[in-house]
Amino acid sequence: MVSLDMEDGDMAVLRFLPPYGPQDEAHYLAALERIAELDRPFVLLSLFGGGPALSPSGDRAQALWFKRTRLRMEEMCRGCAMVRPGASETTATPFRRLWSFPFMATDDEQAARTFLAGHRQKPAEAPP
């Protein structure tokens with residue numbers, strides 16, 4: 001199951017969790033496109049259940065998305081936390097090379113939410 005929701009106006013929550021289905025890869029790639037289209041500053045919480053890997057074409061599409069949207073993500077994303085089984089500092093390394101905004105990889109959703117709370121836009125900073 002893949003979903004993308006907004007919480008409290010500025011937290012995009014991408015879920016790729018069980019139960020897994022045949023359309024998950026397409027839905028995941030579509031969710032990435034929607035993230036890149038967000039028109040206001042946000043933080044991103046990505047929740048992965050450790051399910052099936054992307055197909056070679058899906059992996060390539062994801063890599064191309066990272067490359068194509070890098071500047072847009074730098075402009076709009078204030079921080080990102082990835083939650084998945086076995087995530088570690090090593091997991092975070094390629095993302096920290098890609099993006100300059102704060103990034104955390106963990107297996108603890110609450111720790112990820114706490115991390116992102118420190119990077120969310122303060123009410124006084126909200127655009128008009």
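Heads up: the structure comes first, above all this text.
Treat the numbers as computed from the prediction; the structure is a model and nothing was measured. (Residues numbered from 1 in each chain as written. Predicted model: local features only at pLDDT ≥ 70, side-chain atom pairs only at ≥ 80, totals over all residues. Heavy atoms only, no water.)

Novice: Could you clarify how one ought to interpret the sheet that holds strand β2 (residues 11–16) in this entry?
Specialist: Where strands meet in a sheet, backbone hydrogen bonds hold them as pairs that are either parallel or antiparallel. Spatial strand order, β1-β2-β3-β4-β5: 5 strands in an open sheet with mixed pairing. The strands lining the two open edges of the sheet, one partner per strand, are β1 (2–7) and β5 (103–106). Averaged over all pairs of adjacent strands, the angle between strand axes in this sheet comes to 15°, irrespective of strand direction. Pairing analysis gives 6 bridges linking β2 to strand β3 (residues 42–48), with the strands arranged parallel. By the bridge assignment, Ala12 is partnered in β3 with Leu44. Packing against the sheet, helix α2 (residues 56–76) makes contact with β3 and β4 (77–83), and its axis sits at approximately 105° to β4. Where helix α3 (residues 89–98) meets the sheet, it contacts β4 and β5, and its direction lies at approximately 160° from that of β5. (Pairing = 2+ DSSP bridges. Helix = DSSP H or I, 4+ residues; strand = E, 2+ residues; numbered from the N terminus. Axes fitted to C-alpha atoms, helices over the stretch in contact; angles between N-to-C directions. Contact = heavy atoms within 4.5 Å.)

Novice: Would you take a moment to explain the side chain of Ser46 for this structure?
Specialist: Relative to the assigned elements, Ser46 resides in strand β3. Ser46 sits in the buried class, given a relative accessible area of 6%. Excluding anything up to four places from it in sequence, Ser46 contacts Leu14, Ala81, Met82 and Val83. (Buried < 20%, exposed > 50% of the residue type's maximum accessible area, 1.4 Å probe, protein only.)

Keep in mind that these numbers describe shape and distance, not what the molecule does.
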